[in-house]
Structures are given as structure tokens and as C-alpha cells.
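# Structural characterization, general
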Amino acid sequence: MSFKLGILDQSPVFPEKTAFDALQDTIRLAQKAEQWGYARFWVAEHHHMGDVAGSSPEVLISHLLARTNAIQVGSGGVMLQHYSPFKVAENFHVLSTLSPGRVDLGVGKSPGGLPLSTKALQHGTQHDGIHFEERLTFLKKLLDHSVEEAHPLSGIEALPKPPVKPEIFLLGGSASSARLAAELGVHFVFAKFLVGSEESLAQTSRIYRKLYPEGTFMAAVAVFAAPCEKEAKQIAAEHSLYKITIESGRTLTVQSYQQVEAFKKQAVEAFEVEEHKADMIAGTPEQVKGELERIHYQYEVDEFILHTPIRKEEERVRSFELLRPIAAGRAKRGLEQSIKILP
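Counting restarts for each chain: residues are numbered from 1 in the order of the written sequence. Residue-level local features of this predicted model are given only where pLDDT is at least 70; pairs of side-chain atoms are given and counted only at 80 or more, and the full residue set underlies all totals for whole chains, interfaces and linings. Computation of side-chain values covers all heavy atoms of the structure but excludes hydrogens and water.

Moving on, we get to the overall build of the chain. For helices the rule is a DSSP run of H or I covering at least 4 residues; for strands it is a run of E covering at least 2, with both sets numbered from the N terminus onward. Helix and strand counts for the chain stand at 13 helices and 13 strands. Since a compact globule built from 343 residues should have a radius of gyration of about 20 Å, the 20 Å found for the chain is in line with a globular shape. Only protein chains enter the calculation, and the probe is 1.4 Å; a residue is then buried if its accessible area is under 20% of its type maximum, exposed if over 50%, and partly exposed in between. Across the 343 residues in the chain, those meeting the buried criterion constitute 51%. Throughout, a residue-residue contact means that at least one pair of heavy atoms, one from each residue, lies within 4.5 Å. The long-range fraction of contacts in the chain, counting pairs at least 24 apart against all pairs at least 6 apart in sequence, stands at 74%. The globule rule is 2.2 Å times the number of residues to the power 0.38, and the radius of gyration it is compared with is taken over C-alpha atoms.

With that settled, consider the environment of V317. Topologically, V317 is positioned in helix 12 (residues 313-322). You can call V317 partly exposed: its relative accessible area is 23%. C-alpha separation for the pair V317 and F224, spaced 93 residues apart in sequence, amounts to 9.8 Å.

Further remarks concern the packing of helix 8 (residues 198-211) against helix 11 (residues 285-299). Where helix 8 contacts helix 11, the axes come no closer than 10 Å and their chain directions differ by 45 degrees. Taken together, helix 8 and helix 11 sit at an angle that is classed as oblique. Seen from helix 8, the contacting residues are E198, L201, A202 and S205; seen from helix 11, they are E291, R294, I295 and Y299. In this count, Pro and Cys sit with the nonpolar residues alongside Ala, Val, Leu, Ile, Met, Phe, Trp and Tyr, while Asp, Glu, Lys and Arg are called charged and the others, Gly among them, polar. Taken together, the residues that form the contact of helix 8 with helix 11 break down as 4 nonpolar, 1 polar and 3 charged. The axes are straight lines fitted to the C-alpha atoms, using for helices just the contacting stretch, and the angles between their N-to-C directions are given from 0 to 180°. Oblique is the label for any angle not covered by the other classes, which are roughly parallel (under 35 degrees), roughly antiparallel (over 145) and roughly perpendicular (65 to 115).

Salt bridge, as used here: a side-chain nitrogen of Lys or Arg that lies within 4 Å of a carboxyl oxygen of Asp or Glu. If you walk through the whole model with that rule in mind, you get 16 salt bridges. Among the salt bridges present, the one from E313 reaches K17, with a minimum N-O distance of 2.9 Å. With E313 in helix 12 and K17 in the loop between strand 1 (4-9) and helix 1 (19-36), this residue pair connects regions lying 296 residues apart in the sequence. Relative accessible area serves as the criterion here: at 26%, E313 is assigned to the partly exposed category.

When the pLDDT values of the chain are averaged, the result is 90; 94% of them are 70 or greater. Scored from 0 to 100, pLDDT records how confident the predictor is in each individual residue. Between residues 331-343, whose pLDDT stays under 50, and residues either more than four places distant or in other chains, the model counts 2 contacts.

Okay, the packing of helix 1 against helix 12 next. As a packed pair, helix 1 and helix 12 sit with axes 10 Å apart at the nearest point and diverge in direction by 20 degrees. Put simply, helix 1 runs roughly parallel to helix 12. Classified by chirality, the crossing of helix 12 by helix 1 is right-handed. Residue-level inspection shows D25, L29, K32 and W36 of helix 1 in contact with helix 12, the latter providing E313, R316, V317, F320 and E321. Here a crossing is called left-handed whenever its near helix is offset anticlockwise from the far helix by less than a right angle, and right-handed whenever the offset is clockwise.

Here Q122 shows up in the loop between helix 4 (115-121) and helix 5 (132-144). Contacts described as polar in this section are N or O atom pairs within 3.5 Å, which, within protein, must combine one atom able to donate a hydrogen with one able to accept it, while residues neighboring in sequence count only if both atoms come from side chains. Polar contacts involving the side chain of Q122 include one to the side chain of H82, which spans 3.1 Å.

Take unusual backbone geometry next. Cis peptide bonds are those with omega within 30 degrees of zero, and the linkage from G76 to G77 qualifies with 0 degrees. For G77, the position within the fold is in the loop between strand 3 (72-75) and strand 4 (78-79). A cis amide bond, omega 5 degrees, links L159 with the succeeding residue P160. Looking at where P160 falls in the secondary structure, it is placed in the loop between helix 5 and strand 6 (167-172).

Here the focus is the pairing of strand 8 (residues 217-225). Along strand 8, 9 of the 9 residues are buried, which leaves the element largely enclosed by surrounding structure. Residue alternation in strand 8 divides its side chains into two sets, F217, A219, V221, V223 and A225 and M218, A220, A222 and F224, and both sets are buried. Here a strand pair is declared whenever DSSP counts at least two bridges between the two strands. As paired strands, strand 7 (residues 187-191) and strand 8 are joined by 4 bridges and run parallel to one another. Within strand 8, the position partnered with A191 by the bridge is A220. In terms of strand pairing, strand 8 meets strand 13 (residues 303-307) through 5 bridges, oriented parallel. Each bridged residue has a counterpart across the sheet, and for A219 the counterpart in strand 13 is F304. Bridge count between strand 8 and strand 12 (residues 280-283): 4 bridges; the pairing is parallel. The residue bridging A225 from the neighbouring strand is G283, located in strand 12.

Our next topic: the nonpolar core. By nonpolar core we mean a set of buried residues, namely Ala, Val, Leu, Ile, Met, Phe, Trp, Tyr and Cys, connected to one another through side-chain atoms within 4.5 Å. Counting residues in each nonpolar core, the largest one holds 65 residues, and the members touching the most others are Y38, L136 and F304. For this core, the element with the most residues is helix 5, which contributes 6 residues. Membership of the second largest hydrophobic core comes to 22 residues, among which are A191, A236, A278 and I310.

As C-alpha cells, then:
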């Protein structure tokens, strides 16, 4: 086994808890993840949603970097359609200057919210969220300090220049996203916890590996581990996803019925909702390990980002702890390999 494990935390607000509690939980989980041997800890971006507290990953990343020592900390991800690539580059250059070599810039294409928050984020700006490829391309040039002379913003630099530039990870669930990541030479994260289809996973892996074999191909998967298989399956079965298909053809996947109700109040087009059980790897730690190994070998996945969206606070943290031998074992092997190559 030669894959790494990371954690994606959406800062869930559990029943009878507040957003303050949720962010404190995120801090504690990041610290535990570091102790347990996880390679990365990423935080999400969601807007105008009462059941998750992570609306500003850049701010939260800064705090987590200050409260941990060595683990990679990043965004899973920044929703680039809303923002100036220049400002995103500046934010992550500051973070990387404060904590060189520890910052991951995960970028997503989805809105990170419902229609009203998208409208609010883009209110008063000169863009409407389109041309994502152009935005991502410019962002990479800013991080690489390679804005060409023919560019309208020739001479611009996103300062300060960090000692180690942040790595870019494109989050997506389609072959076109994998192709874009490969063509730009950035890492790719397949959002399996939302897409589910192994056929799509296979297709994106083939395209990415063919076009950019030296890149990192990752999978963000929904995982829940428990001491016994029965408990794991029962709790995992309680979680559903809701696919919203809008009359114009666009689709949106949300993770709670409360978010569906909020969408109903904000929608300006007719739509349909389809509920389906989440594609979640659930079982004992050994069963989860076996399934991760299968996906790793079958689809050439370098790393997994684990997402555990269950609404039971203690069981969720326990799941990450139960999987610590997998994360710690990989970290230990990496250290041993590093020692072997020292002169």
C-alpha cells in the first residue's frame, strides 16, 4: 500500500451546537489529524448554510496553520468563480509565506452555496461566474510568476513571493475537469463522495494519467468506520444526497434536506429533486482499508481525502481515529524511505 490519507472537514454544526462549537471542533480535529499521521487537512467553502460553518477557508487555514506544526493545511476548495484570481493568489502567498511548504490551494468550480449566496458573492462585480478555465489559468500563472508580456496585466505580481509556492489542486467530478487539470499541470481531486460513479472515476484517471503522468491523482471519498460492520452500515445508511436538476439543465448536489428546502425558497427556475443514498465506504477499519486499497490499485489513486458527513459528532471523530493506523502506517513508511536515501 502506497497511498496517503487526508481529511476534508466542512465544519459541521451538530444539533444543539453553534457555529463557534463547529469551528472549535475543526481546530481540535486538525490537531488530532496531525497526531494520528494524516497527510493533509482541508477545509471547505460553503455559503449561507446553517448546518456548516466553513464559509471562509483562507481565514480558517491561517488559524489552523498557527495551531498545528507540520500537517499540510488547505482548501477543499476555494470557489474560484466568485473571486479575482489575483486576490486568491495574494491570499495563498501570504499563507505560504507564514508557513512555507505547508499550504495547499484546492480550487473548485461549484458555487459553494445556493442561488441567493451566489448572487450576493458576485453582487457589484464585473463578472458573472463564467470562464472558469480562464480564471484557473491566470491563477496558475500568478503562482508561477509567469504572466506573459502580451497579457493585459503584464507586469503584475502576486506579492509577497513565498519561499515555497502553494500547490494547486483542482477539485472536480468529470473528464473535462481532469483534462483541464492535466493540461495546466496541476493536481486533480476526483469528488467521488458527490459523483459516486466508478465509471467516471476510471475515465478521469485514464485521461489525467495519459496527459499528465507525473501529476498527483486523488479521490475525495465518503468514509465511515466503526468497531463493527453492522454499526457502520446502519449509521452510513442514514445519510442521503439530494440531486437538484434545474429546468435549464444545470444540476446541483446538496447533502441535507434542509438545503433542499432553502433552495426551494431561492430558486428562480423550476426544478426536480432526486434523493439517493450516499456512496459511502462503511465498515470496520480493515474493511475500509481493503476498499481503499482496491480503489488505489484499480484506478491509480495516489491519495485519498476522507469526508465523513454523518450527523453524529462522537462517532464521526471516532471514525477518523479508527483509521489512524492506515494514515500513521503510510507516514511511517514515508519517513523510513526518506531515511534510507540520506547519505
